[in-house]
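Chain by chain, the residues run as shown.
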Amino acid sequence: MNDRSDPDLVTFTLDLTVEEARRRAEVVAALGPHWDPVAALRSEEAARSLLYSGLDADQERMYAMLVEAGVLPGRDTGDAAPH
């Protein structure tokens, strides 16, 4: 932002905090009372495991290279964060 005093410029500030909170509340309401975030996460993890299962040796090397480069997430062996 420019701090110069210019009579032709008007400082305009818009706080979207309330709008973002409303948007998030609408998303959760749209998901409905039966949405289970833990079950959804477990399903995603199962799908990712299935996607990368049964790789041959060349595919495993490529997968390892992409994980090391940070392109793909690694295979987690526990519930703790990998950091």
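One can find the structure itself at the top, above this paragraph.
Predicted model only: the values in this text are computed from it and were never measured.

Draft legend 1. A look at the packing of aromatic side chains. Evaluation of the coordinates by the stated rule reveals one aromatic pair. An angle of 45 degrees between the planes, with centres 4.8 Å apart, marks the rings of Tyr52 and Tyr63 as tilted. Pair noted here: Tyr52 is in the loop between helix H2 (37–51) and helix H3 (57–68) and Tyr63 is in helix H3, with a separation of 11 residues, a long-range link. An identical accessibility class is assigned to Tyr52 and Tyr63; each is buried.

Draft legend 2. Structural detail: the pattern of salt bridges. For the structure on display, the rule yields four salt bridges. As a salt-bridge pair, Glu20 and Arg23 come within 2.7 Å of each other at their nearest N and O atoms. Here the residue Glu20 and the residue Arg23 both occupy positions in helix H1 (residues 17–31), the gap between them amounting to three residues, near one helical turn. Residue class for Arg23 comes out partly exposed when judged on its relative accessible area of 41%. In this structure, Asp58 and Arg61 form a salt bridge, with 2.1 Å as the shortest nitrogen-oxygen distance.

Calculation notes
- Residues numbered from 1 in each chain as written.
- Predicted model: local features only at pLDDT ≥ 70, side-chain atom pairs only at ≥ 80, totals over all residues.
- Heavy atoms only, no water.
- Phe/Tyr/Trp six-rings, centres within 6.5 Å; stacked < 30°, edge-to-face > 60°.
- Helix = DSSP H or I, 4+ residues; strand = E, 2+ residues; numbered from the N terminus.
- Buried < 20%, exposed > 50% of the residue type's maximum accessible area, 1.4 Å probe, protein only.
- Salt bridge = Lys/Arg side-chain N within 4 Å of Asp/Glu carboxyl O.

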